[in-house]
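Chain by chain, the residues run as shown.
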Amino acid sequence: MSDNQAETMTKPFQRILFTGAAGNLGRRLRPHLHAFADVVRLADVADFGPAGPGEEVVLCDLADRDAVLRMCEGVDAILHFGGVSTEVEWEPIMHANIHGMVNLYEAVHKLGIRRVVFASSNHTMGMYRTTDLVDATMPPRPDGYYGVSKVFGETLSRFYWDRFGIETVCLRIGYCWPEATTYRQMVTWLGLDDLVELLRRSLVTPRVGHTIAFGTSANPGRWWDDRHAGFLCWTPKQSAAQFADRIPEGGGYPAADDVTTLYQGGPFLEMGPKYKP
Ligand code: NAI
Ligand code: 15L
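None of the values given here were measured: they were computed from a predicted structure. (Residues numbered from 1 in each chain as written. Chains lettered and ligands numbered in written order. Predicted model: local features only at pLDDT ≥ 70, side-chain atom pairs only at ≥ 80, totals over all residues. Heavy atoms only, no water.)

### Some details on the layout of surface pockets
Phase 1 of the analysis: In this structure, the largest pocket spans a volume of roughly 970 Å³.
Phase 2 of the analysis: Along the walls of the largest pocket sit 43 residues, with Gly 83, Val 84, Ser 85, Thr 86 and Tyr 146 positioned nearest its centre.
Phase 3 of the analysis: Listing elements by their share of the lining of the largest pocket, those giving two or more residues are helix H2 (24–29), strand E2 (37–44), helix H4 (90–111), strand E5 (115–121), helix H5 (145–164) and helix H6 (183–188).
Phase 4 of the analysis: Here the residues of the lining of the largest pocket are counted per class, giving 20 nonpolar, 19 polar and four charged. (1 Å grid on protein atoms, 1.4 Å probe; cavity = no way out; pocket = protein on both sides within 12 Å on 5 of 7 lines; lining within 4 Å. Points joined across faces, edges and corners; volume = space filled by probe spheres on them. Helix = DSSP H or I, 4+ residues; strand = E, 2+ residues; numbered from the N terminus. Nonpolar A, V, L, I, M, F, W, Y, C, P; charged D, E, K, R; others polar.)

### Some words on the state of the cysteines
Note on terminology: disulfide describes a covalent bond linking the sulfur atoms of two cysteines.
Phase 1 of the analysis: All told, the structure shown has zero disulfides when counted by the stated rule.
Phase 2 of the analysis: Cys 60 takes part in no disulfide bond, and the closest cysteine sulfur to it belongs to Cys 72, at a distance of 7.6 Å.
Phase 3 of the analysis: Unpaired in terms of disulfides, Cys 233 finds its nearest cysteine sulfur in Cys 170, a separation of 19 Å.
Phase 4 of the analysis: Overall, Cys 233 belongs to the partly exposed group, its relative accessible area being 49%. (Disulfide = S-S within 2.5 Å. Buried < 20%, exposed > 50% of the residue type's maximum accessible area, 1.4 Å probe, protein only.)

### Details of the pattern of salt bridges
Phase 1 of the analysis: Evaluation of the coordinates by the stated rule reveals 12 salt bridges.
Phase 2 of the analysis: A salt bridge links Arg 227 to Asp 135; the nearest nitrogen and oxygen atoms lie 3.3 Å apart. With Arg 227 in the loop between strand E9 (224–225) and helix H8 (259–262) and Asp 135 in strand E6 (residues 134–135), this pair connects stretches of sequence that are 92 residues apart.
Phase 3 of the analysis: In this structure, Asp 162 engages Arg 158 in a salt bridge whose closest nitrogen and oxygen atoms are separated by 2.9 Å. Remark: Arg 158 and Asp 162 occur in helix H5; sequence separation between them is four residues, near one turn of the helix.
Phase 4 of the analysis: Using a relative accessible area of 36% as the deciding quantity, one classes Arg 158 as partly exposed. (Salt bridge = Lys/Arg side-chain N within 4 Å of Asp/Glu carboxyl O.)

### Describing the site of ligand 2
Phase 1 of the analysis: Close to ligand 2 lie Ser 85, Ser 121, Asn 122, His 123, Tyr 146, Gly 174, Tyr 175, Trp 177, Arg 184 and Phe 268, which account for all nearby residues.
Phase 2 of the analysis: His 123 is positioned such that a nitrogen or oxygen atom in its side chain is 2.7 Å from an oxygen atom of ligand 2.
Phase 3 of the analysis: Protein chains shield 83% of the accessible area of ligand 2, which is 320 Å² for the free molecule.
Phase 4 of the analysis: Assessed atom by atom at 2 Å from the grid points, ligand 2 resides in the largest pocket. (Near = heavy atom within 4 Å. Polar contact = N/O pair within 3.5 Å; in protein donor to acceptor, adjacent residues only side chain to side chain. Areas by Shrake-Rupley, 256 points an atom, 1.4 Å probe, with all protein chains shown as cover. Sits in = over half its atoms within 2 Å of the grid points.)

### Focus: the pairing of strand E7 (residues 167–173)
Phase 1 of the analysis: Counting buried residues in E7 gives seven out of seven residues, a clear majority hidden from the surface.
Phase 2 of the analysis: Judged by which residues are buried, E7 turns out to be covered on both faces: Glu 167, Val 169, Leu 171 and Ile 173 on one side and Thr 168, Cys 170 and Arg 172 on the other are all buried.
Phase 3 of the analysis: Bridging between E5 and E7 involves seven bridges; their strand directions are parallel. Bridge pairing in E7 places Arg 115 opposite Glu 167.
Phase 4 of the analysis: Where E7 and strand E8 (residues 210–215) come together, six bridges link them in parallel fashion. Bridge assignment links Arg 172 to a residue of E8, and that residue is Phe 214. (Pairing = 2+ DSSP bridges.)

### Side note on H5
Phase 1 of the analysis: For H5, built from 20 residues, the straight-helix expectation of 28 Å at 1.5 Å per residue is met to within 8% by its first-to-last C-alpha distance of 28 Å.
Phase 2 of the analysis: Within H5 the residues assigned to the buried category are Tyr 146, Gly 147, Ser 149, Lys 150, Val 151, Gly 153, Glu 154, Leu 156, Ser 157, Tyr 160 and Trp 161.
Phase 3 of the analysis: Turning to H5, the residues buried within the fold contact H4, E5, E7, E8 and helix H9 (268–271).
Phase 4 of the analysis: Downstream of H5 by one or two residues, Gly 165 has phi in the positive range, about 70 degrees. (Expected span 1.5 Å × (residues − 1). Contact = heavy atoms within 4.5 Å.)

What follows is the structure, encoded as structure tokens:
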């Protein structure tokens, strides 16, 4: 297909909203979002500059209920990537990932928006061992406040599907950064092209109900079995095998019996709440 043909093809949505536009994935995904909709509304609490062609920019704190309702007005689907993306103290996580998530789904329900793709995380399952093979039917075992907040997001979206028929695909994203430099990053790596295609499938697959999918490329030694999201027909094409020669001896891990080596959550276990005498 030529570029011209691709440009004239009908896009699946008139307007989509992407939250978290100022972040790592927001900046990397931005050029790819135009394939999904005529208008891409980009939102974040942090300033990220002016709108480009086919874009709208909204500055909005997810914890501000009225602002979230305004941010969602007129959109057909949402890619929800905004929020605290790592293990920190509870208050900011509660602000963005708990209150923010409730505000978003209240707005989605009120405005009749039918589909959300939620950037969940592998840290919903971070207390499984690195020797376990995890799938979407297994109970969540988060590795800290951040992982707990993502389990909350998955559960809230489940409620909105069961009660109100609002569809959500929760993506348990692995390590989505340009390069892997430790063994854990290599096992959990998600290439950007694979993520773009996963987003497309999550948006256009006709009936997704409430789905949990694992976002990881075709890496050697994967910890996650994604068969329950097989109907999305997403087959990752990238692989972190390309980084194998950069991984230091020992995998960039501490000693074999360290918690960050034993559990899938890796370094997040050390960043999380600890007893302080
Ligand atoms: P990031 O931290 O770079 O971006 C998150 C964005 O959310 C930031 O621009 C931040 O300003 C915004 N944000 C934070 N609090 C907010 C609030 N109260 N109101 C509005 N916006 C707020 O994170 P990144 O790497 O871009 O990840 C995006 C999403 O994907 C996050 O939800 C993260 O939890 C999830 N994820 C990312 C992974 C990765 O490897 N990059 C892995 C697993 C999940
Ligand atoms: C996440 O959930 C984070 O948002 C991301 O920055 C990475 O650190 C990733 O998990 C990981 O597990 O490495």
